[in-house]
Amino acid sequence: GHNDCPAQSWPSGVSFKLTLGSAATTPGFCLTFDHRSPGSLQQLLANVRTELPDYYAPWMDVAANLPHLIEGHQLRREVAKMPLLSTQYLRGHRQLRLARLALGFITMGYVWQGGSRQTVKILPRVLAVPYCTISELLDLPPILVYADCVLANWKKRDPCGPLNVENLDILFSFPGGDSNKGFFLVSLLVEAAAATGIKAIPMIINAILHHDRCSLETALQDVALSICKMREAFKLIHECVNPGAFFRSLRIYLSGWKDSFLMPEGLVYEGVWDSPKQFSGGSAAQSSTLQCFDVLLGIQHRAAQGFSAEYLGCMRDYMPAAHRAFIQTLASGPSLRQFVLATGDAGLRAAFNKCVLALVDLRSYHIQIATKYITIPAGRCRAEQQQLGGCVHEGTSVLSERGTGGTGFMRFLKVVRDTTRKAQLTEQ
Ligand code: HEM
Ligand SMILES: Nc1ccc(Cl)cc1-c1cn[nH]n1
């Protein structure tokens, strides 16, 4: 039967559909491609305030002033004053995503405003009820995810200008100053660099189905180049994100309440569920682009200390439904690895391996960044702990590895990188 993935717009404003042919027609992938005007995504959030009806001003005003309200210890009071709003006046995907983004920032701010010392256990109904209603409609969990704070949390200063740091701004922020903007926008630019590689995937699938080695080799070169450009975009993190601000502030707010020693039961969503629920914190493991390239290249990750083999798979439930469906359709399609091996073509093997090695380099570079922004600041924090007592920066999400100086996630990142390296094709 048909398995249509609704068109989903990627950072570059390109959208595409991947559908499985029905049994009656040629089995395989029929690919349609529509280049929406590049403006499509920035219209999404041209002006946050006018994008939603005034009725939702109570949400938008609190979300827009979150750092100020948290630093002034006023957020709880502001939320207590909030009316319980109906979600019925939200029109279409764009408004649902924007409302979810605002409620997601307020929720993370509300839970973590007291750092790891005074976490709350209950999310008030004025937030929980609309947040869970909208999350249900979007098939996303009621916690801030990568698709919220990176993919939907940006706008261009000049709508006709380029997609670069100078012409971009974020819509919502946590305490931690400009490092918020740097962290979210650099992530977005890494995603935008992936767009060329993602656009090559339908061409690769078609080339396999038509045994077109020439087109396949060209498309694989596009993927390798795209992953190299992702690594280039990554370098901006050094000038845009301060390690201290990231470690002490931003990463705490992205923490989740699953397997958390601070919130062992999870969070009570008042007025929605009677018992507390657990959800994982925000992570780029929820980025659909990296998972697309892993699936395309047939790279299957296994368990690593503290991270189950299912961890990356579970993170697909934290992606937009259309991205999740695309990855699932890709995983159920023809195997690129098998096809390249079966041809015995050295040129195709080389083009395939360049993609794998580009991914290895990206992951190696990422490990250096995680060392600079977590492992080293965590070491300093522990040193302070021994002198001053009490390291207030212990967090709970994987991005905020606590205590053990971050050995857990570091081993995970290295296992993922090494598994990637082993995915190279050798001559049979
Ligand atoms: C200050 C910058 C960064 C730090 C400290 C950092 C740290 C981490 C940590 C600790 C993990 C493992 C735990 C988890 O899954 O959350 C992780 C995973 C991951 N990060 Fe980052 N990261 C940073 C920036 C980025 C950026 C900009 C991207 C790309 C957009 C990215 C992509 C990923 C991916 C895809 C994973 C899942 C594991 C993998 O597929 O290799 N990271 N990161
Ligand atoms: N780049 C990111 C942007 C947003 C959020 Cl929520 C997480 C990450 C991340 C990076 N590495 N692991 N997670």
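Before reading further, recall that the structure is shown in the block above.
Below: a short report on this structure. (Residues numbered from 1 in each chain as written. Chains lettered and ligands numbered in written order. Predicted model: local features only at pLDDT ≥ 70, side-chain atom pairs only at ≥ 80, totals over all residues. Heavy atoms only, no water.)

**Observations concerning the overall build of the chain**
Here is step 1: Secondary structure summary: the chain contains 18 helices and 7 strands in total.
Here is step 2: For the chain, the proportion of its 428 residues judged to be buried stands at 55%.
Here is step 3: Restricting to contacts in the chain with at least 6 residues of sequence separation, those with at least 24 account for 75%.
Here is step 4: Element-wise, carbon and sulfur atoms account for 53% of the exposed surface of the chain, whose accessible area totals about 18100 Å². (Helix = DSSP H or I, 4+ residues; strand = E, 2+ residues; numbered from the N terminus. Buried < 20%, exposed > 50% of the residue type's maximum accessible area, 1.4 Å probe, protein only. Contact = heavy atoms within 4.5 Å. Areas by Shrake-Rupley, 256 points an atom, 1.4 Å probe, with all protein chains shown as cover.)

**Points about the side chain of threonine 87**
Here is step 1: As for its placement among the helices and strands, threonine 87 is situated in the loop between helix H5 (75-81) and helix H6 (92-112).
Here is step 2: Excluding residues that lie within four positions of it along the chain, threonine 87 makes contacts with Tyr56, Trp59, Pro130, Thr133 and Ile134.

**Things to note about the packing of helix H10 (residues 213-234) against helix H16 (residues 336-343)**
Here is step 1: Remark: H10 packs on H16, axes separated minimally by 13 Å, with the N-to-C direction vectors making an angle of 125°. By the angle class used here, H10 and H16 are oblique. Seen along the crossing, H10 lies across H16 with a hand that is left-handed. Of the residues in H16, those in contact with Arg213, Leu216 and Leu220 of H10 are Leu336, Phe339, Val340 and Thr343. (Axes fitted to C-alpha atoms, helices over the stretch in contact; angles between N-to-C directions. Parallel < 35°, antiparallel > 145°, perpendicular 65-115°, else oblique. Left-handed = near helix turned anticlockwise from the far one by under 90°.)

**As for the coordination of the iron atom of ligand 1**
Here is step 1: Its sole protein donor being His366 (NE2), the iron atom of ligand 1 sits 2.0 Å from that atom.
Here is step 2: Note that the iron atom of ligand 1 binds 6 donor atoms; their angles at the metal cover 88 to 178°, and the shape is octahedral. (Donors = N, O, S within 2.8 Å, 3.2 Å for Na, K, Ca; no water. Tetrahedral: all angles 85-135°; square planar, octahedral: opposite > 155°, others 65-115°.)

**Digging into the pattern of salt bridges**
Here is step 1: Counted under the stated rule, the structure contains 11 salt bridges.
Here is step 2: Between arginine 100 and aspartate 148 there is a salt bridge, and its shortest N-O distance comes to 2.7 Å. Separated by 48 residues along the polypeptide, arginine 100 in helix H6 and aspartate 148 in helix H8 (residues 146-149) bring together distant segments of the chain. Neither arginine 100 nor aspartate 148 differs from the other in exposure class; each is buried.
Here is step 3: Across the pair aspartate 345 and arginine 213 runs a salt bridge whose closest N-O atoms are separated by 3.5 Å. Residue aspartate 345 is located in the loop between H16 and helix H17 (346-388), and its partner arginine 213 is located in helix H10; the two are separated by 132 residues in the primary sequence. (Salt bridge = Lys/Arg side-chain N within 4 Å of Asp/Glu carboxyl O.)

**Comments concerning the site of ligand 2**
Here is step 1: In the vicinity of ligand 2 there are 11 residues, among which Val150, Phe183, Ser187, Ser283 and Ala284 approach most closely.
Here is step 2: Alanine 284 is positioned with one of its backbone polar atoms (N or O) 2.7 Å from a nitrogen atom of ligand 2.
Here is step 3: Look at ligand 2: alone it shows 330 Å² of surface, and the protein chains cover 89% of it.
Here is step 4: Among the elements of the structure, H8 and helix H9 (178-209) are those that each provide at least two residues to the shell around ligand 2. (Near = heavy atom within 4 Å. Polar contact = N/O pair within 3.5 Å; in protein donor to acceptor, adjacent residues only side chain to side chain.)

**A look at helix H13 (residues 288-296)**
Here is step 1: Summarising burial for H13: 9 of the 9 residues are buried, a large majority.
Here is step 2: Along H13, the residues that are buried comprise Ser288, Thr289, Leu290, Gln291, Cys292, Phe293, Asp294, Val295 and Leu296.
Here is step 3: Those residues of H13 hidden inside the fold are in contact with H9, H10, helix H14 (310-314), helix H15 (321-331), H16 and H17.
Here is step 4: Count one or two residues on from H13 and you reach glycine 298, which has phi positive near 70°.

**A closer look at the packing of aromatic side chains**
Here is step 1: Scanning the entire structure with this criterion turns up 15 aromatic pairs.
Here is step 2: Sitting above the plane of the tyrosine 110 ring, arginine 76 keeps its charged end 5.6 Å from the centroid.
Here is step 3: For arginine 251, the ring lying beneath its charged end belongs to phenylalanine 247, and the centroid distance is 3.5 Å. (Phe/Tyr/Trp six-rings, centres within 6.5 Å; stacked < 30°, edge-to-face > 60°. Lys NZ or Arg CZ within 6 Å of the ring centre and 35° of its normal.)

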